[in-house]
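# Architecture at a glance
Spelled out, the chains give:
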Amino acid sequence: AQQRLTIVVPLALAMIVGLLYLTYRNVVDTLVVFSSVPFACVGGILAMHGRGMPLSVSAAVGFITLSGVSVLSSMVLISFIRQSMATGMSLREAIQHSCVACLRTILMTSLVASLGFIPMSTSTGTGAEVQRPLATVVIGGVISATLMTLIVLPALYSIVGGWGRRARPEESIEPTGHGLAA
């Protein structure tokens, strides 16, 4: 199972990146959305450590699941920012508007994903040794991915979101006529 995971995990991550690129057709947006995966993995690792669980095959499957789930909220936010910019908003306005507009959606998506795994994470019956690590990874990762989406992603996108895009006329730097004449 561990040998198969060395093939499946990179393949799953490559597929996520590929699908993100097909969605956005933009390397910057793809990488910004995909940046939620490492944040989610950190949350999964911390949750496992906090519960004293070792890395197991079921935990690795949890990380694969988490990789897909963690990009959902980031996709919602980036897509809304892109839509807002398409209506003529500046990057800063689009980020502010989108963060407010998408807050409930992001929180609801995260709550549903994490609350749905609580019964698995606390199970004690048959199969609990498989269910607990998987659910623990997903719950911890969804929490950290949500924090990343709400706090880090807007800041990151404000830095790199304009790369490769043309500025609106009022955003461009116009010569003022002041300074040294040539």
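If you're wondering where the values come from, they're calculated on a predicted model, not measured in any experiment.

## Topic: the overall build of the protein
When you go through the protein residue by residue, the secondary structure sums to six helices and zero strands. Helices and strands appear in the protein in the N-to-C order α-α-α-α-α-α. In the protein, the share of contacts with a sequence separation of at least 24, taken over all contacts with a separation of at least 6, comes to 73%. When the accessible area of the protein is evaluated, it comes to approximately 10,700 Å², of which 69% is carbon and sulfur surface.

## A short note on the confidence of the model for the protein
Confidence in the prediction for the protein averages 84 pLDDT; 88% of positions are at 70 or higher. The low-confidence segment residues 166-182 (pLDDT under 50) makes eight contacts with residues lying over four places distant or belonging to another chain.

## Topic: the environment of Leu55
Tracing the backbone shows Leu55 in the loop between helix H3 (36-50) and helix H4 (57-86). For the pair formed by Leu55 and Leu134, sequence separation is 79 residues and the distance between their alpha carbons is 9.9 Å. Once residues lying within four places of it in the same chain are set aside, the contact partners of Leu55 are Met48, Ala60 and Phe63.

## Description of the side chain of Thr30
The residue Thr30 is located in helix H2 (residues 27-34) in this model. Excluding residues within four positions of it along the chain, Thr30 makes contact with Val17, Leu20, Tyr21 and Tyr24.

Basis of the calculations
- Residues numbered from 1 in each chain as written.
- Predicted model: local features only at pLDDT ≥ 70, side-chain atom pairs only at ≥ 80, totals over all residues.
- Heavy atoms only, no water.
- Helix = DSSP H or I, 4+ residues; strand = E, 2+ residues; numbered from the N terminus.
- Contact = heavy atoms within 4.5 Å.
- Areas by Shrake-Rupley, 256 points an atom, 1.4 Å probe, with all protein chains shown as cover.
- pLDDT = per-residue confidence, 0-100.

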